[in-house]
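Given next are the chains, with one letter for each unit.
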Amino acid sequence: MQTGKFITFEGIEGVGKSTNIAHLTQAIERRGHTVLTTREPGGTPMAERIRELVAEHGDEAMPDIAELLLVFASRALHVNNVIRPALAAGTWVICDRFTDSSRAYQGGGRGLPQEDINLLAKWVHGDLRPDLTILLDAPVETGMSRAGQRGAPDRWELERSEFFMRVRATYLQLAEAEPDRFIIVDATQDLATVQQAIGAIADAL
Ligand code: TMP
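Owing to the predicted nature of the structure, the values given are computational and were not obtained by experimental measurement.

Details of the overall build of the protein
Working step 1: Within the protein, the regular secondary structure consists of eight helices and five strands.
Working step 2: Shown N-terminal to C-terminal, the secondary structure of the protein runs as helices and strands in the order β-α-β-α-α-β-α-α-β-α-α-β-α.
Working step 3: The C-alpha radius of gyration of the protein comes to 16 Å, within 12% of the 17 Å expected for a compact globule of 205 residues.
Working step 4: Projected onto its principal axes, the C-alpha positions of the protein cover 50 × 35 × 35 Å.
Working step 5: Within the protein, contacts between residues separated by at least 24 positions form 81% of all contacts whose residues are at least 6 apart in sequence.
Working step 6: For the protein, the exposed area adds up to about 10,300 Å²; of that, 53% sits on carbon and sulfur atoms.
Working step 7: In the protein, the 21 positive side-chain charges and the 29 negative ones have mean positions that sit 3 Å from each other.

Considerations on the layout of surface pockets
Working step 1: Roughly 520 Å³ of volume is contained in the largest pocket.
Working step 2: Along its surface, the largest pocket is lined by 28 residues, and Glu13, Lys17, Glu40, Arg51 and Arg97 are the ones closest to its centre.
Working step 3: Secondary-structure elements contributing two or more residues to the lining of the largest pocket are α1 (17-30), α2 (45-55), α3 (64-88) and α4 (99-109).
Working step 4: For the lining of the largest pocket, the leading source of residues is α4, giving four residues.
Working step 5: Residue classes in the lining of the largest pocket are distributed as nine nonpolar, eight polar and eleven charged.
Working step 6: The computed volume of the second largest pocket comes to approximately 170 Å³.

With respect to the environment of threonine 8
Working step 1: By secondary structure assignment, the location of threonine 8 is in strand β1 (residues 6-10).
Working step 2: Judged by relative accessible area, which is 0%, threonine 8 ranks as buried.
Working step 3: The sequence separation of threonine 8 and leucine 135 amounts to 127 residues, and the corresponding C-alpha distance is 8.5 Å.
Working step 4: Setting aside chain neighbours within four positions, we find threonine 8 in contact with Cys95, Phe98, Pro130, Leu132, Thr133 and Ile134.
Working step 5: Polar side-chain contacts of threonine 8 include one of 2.8 Å to the side chain of threonine 133.

Some thoughts on the packing of aromatic side chains
Working step 1: A complete count under the given rule lists four aromatic pairs for this structure.
Working step 2: Members of the aromatic cluster, connected to one another through ring pairs, are Tyr105, Phe163, Phe164 and Tyr171.
Working step 3: The lysine or arginine in question, arginine 75, covers the ring of phenylalanine 72, its NZ or CZ lying 4.6 Å from the ring centre.
Working step 4: Taking the ring centre of tryptophan 156 as reference, the NZ or CZ of arginine 155 above it sits at 5.4 Å.

Some details on the sheet that holds β1
Working step 1: Pairing in this open sheet of five strands is parallel, and the strands run β2-β3-β1-β4-β5 from one edge to the other. Looking at the sheet topology across the chains shown, the edges are occupied by β2 (35-39) and β5 (182-186). When strand polarity is set aside, the average angle formed by the axes of neighbouring strands in this sheet is 20°.

What counts and what doesn't
Residues numbered from 1 in each chain as written. Predicted model: local features only at pLDDT ≥ 70, side-chain atom pairs only at ≥ 80, totals over all residues. Heavy atoms only, no water. Helix = DSSP H or I, 4+ residues; strand = E, 2+ residues; numbered from the N terminus. Rg over C-alpha atoms; globule rule 2.2 N^0.38 Å. Contact = heavy atoms within 4.5 Å. Areas by Shrake-Rupley, 256 points an atom, 1.4 Å probe, with all protein chains shown as cover. Lys, Arg positive; Asp, Glu negative; His and termini not counted. Charge placed at Lys NZ, Arg CZ, Asp CG, Glu CD. 1 Å grid on protein atoms, 1.4 Å probe; cavity = no way out; pocket = protein on both sides within 12 Å on 5 of 7 lines; lining within 4 Å. Points joined across faces, edges and corners; volume = space filled by probe spheres on them. Nonpolar A, V, L, I, M, F, W, Y, C, P; charged D, E, K, R; others polar. Buried < 20%, exposed > 50% of the residue type's maximum accessible area, 1.4 Å probe, protein only. Polar contact = N/O pair within 3.5 Å; in protein donor to acceptor, adjacent residues only side chain to side chain. Phe/Tyr/Trp six-rings, centres within 6.5 Å; stacked < 30°, edge-to-face > 60°. Lys NZ or Arg CZ within 6 Å of the ring centre and 35° of its normal. Pairing = 2+ DSSP bridges. Axes fitted to C-alpha atoms, helices over the stretch in contact; angles between N-to-C directions.

Laid out in structure tokens, this is it:
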């Protein structure tokens, strides 16, 4: 059987990942494929518990290196227990964030070395890399004002706009470095226009 395709969505908070993931999922399902949508950190029961740990803000400090190792620990569970088996069974996997989030947030945002992140990526998921990464891009102010309308902020959402500017800049650098894998969608456009772009991406798959 043919293996499924692995598609990831990336972007800062508030760029509309969830809505657009649902839109792409429907478009691919209409073409007769089975699709699994999942997310990081998380995607398995144990990985979701790690997500809670890493997202909460309690009294104990979270060193950057601990944050990095926790997101990769959750990724190891997710890749081995969910993503690889699904792809092997011919299911398409659409994932809300993957290793580019570590490069953008822990690398760009926190300033951890990209070489170390790439080493962990190699260790945790070897040759597994997304067939396609859709980067929903918007200025930090746009994303933050949309994200601010949601519930209680997690540890990342408490960061200042400079942090998210570094995250966004890193995403754009990653997209520039791998133009064959990334498609950048301008998330400041109205929803209908963004969904049209997503539909065109689905048609080209
Ligand atoms: P989300 O609700 O947009 O999925 O938020 C998850 C948060 O996790 C988001 O602020 C980015 C952060 N994150 C990292 O910092 N590193 C990672 O590797 C992943 C997958 C997420």
